[in-house]
Amino acid sequence: MRSGHRLGRRFGWLWAAYGTSALGTWLAFGAFPLIAIRVLHAGPAEVAALSSVGAAVGAAVAVPLGPWADFRRKRPVLITMDLVRSAALLTIPAAFALGVLTFLQLLLVSVVVAAADITFRAASGAYLKALLPAEDLLVANARFESTAWTTTIVGPPLGGAATGLLGPVATVVADAVSYLLSALGIRATGGHEPRPGPREAARMRAGDLLDGWRYILADATLRPLFLNTAFFNGLVMAAQPLLAVLMLGPLDFAPWQYGLAFAAPSIGGLLGSRLARPLVTRFGQHRVLIVAGALRAVWPVGLAFLGPGTGGLLLVMGVELGLIFCCGVFNPVYATYRLERTPTDRVARTLSAWAVTTKASTALLTALWGVLGGLLGPRTAIGLAGLLLLATPLLLPRDAAAPLAEPEPEPEPEPEPKPESEPESAPSHI
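Please read these numbers as outputs of a predicted model, since none were measured by experiment.

Criteria and thresholds
Counting of residues starts from 1 at the beginning of each chain's written sequence and follows it residue by residue. At least 70 in pLDDT is required for a residue's local features to be given in this predicted model, at least 80 for side-chain atom pairs to be given and counted, and no such filter applies to totals for whole chains, interfaces and linings, which use all residues. Side-chain calculation: all heavy atoms of the structure are included, whereas hydrogens and water are not. Between 30 and 60 degrees the pair is tilted, below 30 it is stacked and above 60 it is edge-to-face, where a pair is any two Phe, Tyr or Trp rings, Trp via its six-membered ring, whose centres lie within 6.5 Å. Strands are runs of DSSP state E lasting at least two residues, helices are runs of H or I lasting at least four, and both sets are numbered from the N terminus onward. Exposure categories follow from relative accessible area, calculated using a 1.4 Å probe and restricted to protein chains: below 20% of the type maximum is buried, above 50% is exposed, and the middle band is partly exposed. Remark: a charge is flagged as sitting over a ring if the NZ atom of Lys or the CZ atom of Arg is within 6 Å of the ring centre and within 35 degrees of the ring normal. An expected span of 1.5 Å times one less than the residue number is assigned to each helix. Note on contacts: a residue pair is in contact if any heavy atoms of the two residues lie within 4.5 Å. Salt bridges are defined by distance alone: a side-chain nitrogen of Lys or Arg within 4 Å of a carboxyl oxygen of Asp or Glu.

### Describing the packing of aromatic side chains
Within this structure, the stated rule accounts for seven aromatic pairs. A centroid spacing of 4.9 Å and a plane angle of 55 degrees characterise the contact between Y18 and F144, whose relative ring orientation is tilted. Of this pair, Y18 sits in helix α1 (residues 9–27) while F144 sits in helix α7 (residues 137–166), placing them 126 residues apart in sequence. Taking relative accessible area as the criterion, F144 reaches 14% and is therefore assigned buried. Note on W26 and F29: the rings are 5.0 Å apart at their centroids and 40 degrees apart in plane angle, and the pair reads as tilted. W26 gets classed as partly exposed once you look at its relative accessible area, which sits at 26%. By the ring-pair criterion, three or more aromatic residues cluster together here, those being F11, W15, Y18 and F144. Sitting over the ring of F232, R296 keeps its end group 3.8 Å from the ring centre. Above the plane of the ring of F330 lies R296, whose end atom (NZ or CZ) is 3.9 Å from the centre.

### Re unusual backbone geometry
One non-glycine residue, D252, lies in positive phi territory at about 60 degrees. By the element assignment, D252 lies in the loop between α11 (222–248) and α12 (255–263).

### A word on α1
With 19 residues, α1 should reach 27 Å at 1.5 Å per residue; the first-to-last C-alpha distance of 27 Å fits that figure. Within the span of α1, buried status applies to F11, L14, A17, G19, S21, A22 and G24. For α1, the elements touching its buried residues are α6 (103–131), α7 and α8 (168–188).

### Some remarks on the pattern of salt bridges
Two side chains bearing opposite charge may form a pair once their charged atoms approach each other closely. Using the criterion set out here, one finds six salt bridges in the structure. Note that R85 and D117 form a salt bridge whose closest N and O atoms lie 3.1 Å from each other. Linking R85 in helix α5 (residues 74–98) with D117 in helix α6, this pair joins segments that are 32 residues apart in sequence. A relative accessible area of 15% means that D117 is categorised as buried. R121 is paired through a salt bridge with D117; the nearest N and O atoms lie 3.2 Å apart. With R121 and D117 both in helix α6 and four residues apart, this pair spans about one turn of that helix. One salt-bridge network, held together by shared partners, links D82, R85, D117 and R121.

Worth remembering: the numbers are spatial, not functional.
Structure representation (structure tokens):
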């Protein structure tokens, strides 16, 4: 690692852009359901559609965008996705002010934002890999992870206060502005990014939309990690609505207690992300990946024993603290491992396929567990999810991967000589 782990001015701007947009997202956490309920008087089915249908359709829309991003300069793609998300969100306060806001508009905006979010994440992974040397990727991913958990702690309380004072539409405006600021931060990274060659553009026109999945499933180390992520994230998220029903219904927890039970343990993610690099330095990347990935799976089954009162609240907080701490260690190591195992010219396609699958599996399992919760009761369904999670470590890669050999870049054609009076052009900025 570099002395002091200084990753440079360009990474600093990228990091600031990430933190700004993450804070905006958490400020607006829950804004769409609140607008649907309070402004549009939507029912439970419509509110559920905002999260499930919106995310699923957004994932489907994003399928061709991963290959498209791989054959484009990544910085313009990132800026474009930020601007798309900002513009889509700003249509909501505009329609609200004019008195023409509808549920269909909320649903369409959620689809656009979900698709742009997947594309942004895919392109940002490719941009990060091109921006930093391989030995700095873990430090960078750990900083992103700690920032994510910090905004998770800070954002919802501030957003809740803003919603109480100004209404839920105000937090949507804040989220839209955060994407504008993120676009400016990414633009400020500067630097020259080579344009993909004509042969790569021709491959894009061939429309091979499944290339990301083909690469993942053909790689003996990425394939189990891919399956582990899809099932783990899906089962954890599928149990969350049922836990809300159990806590706010039969167990009679107050809304502030429910919020506290999930906000306070987020400090574990901040601590875990700070420990990720020292643990990898001491024990090795593969061992940390396996141990942290296995330990995060043992916590959720404890939620099946949730009871009322202070003891129950402490149980939820303890389970969430352990789960989030292990995820805080695991996530930056896993993100770095995945980038290292993916050739630079395939990163956007691979990460897009990964994100689409994760969102789709989460939506499917959430719907399935809603049915199971109705048939078996929320406690039994939560316990079943916890038991299945205990099997997910079996999907983690068992052997350490050999270093991935990047293909040699093709030599660029010699530039044509310029007249002596013509100055050399500066690196292009957007």
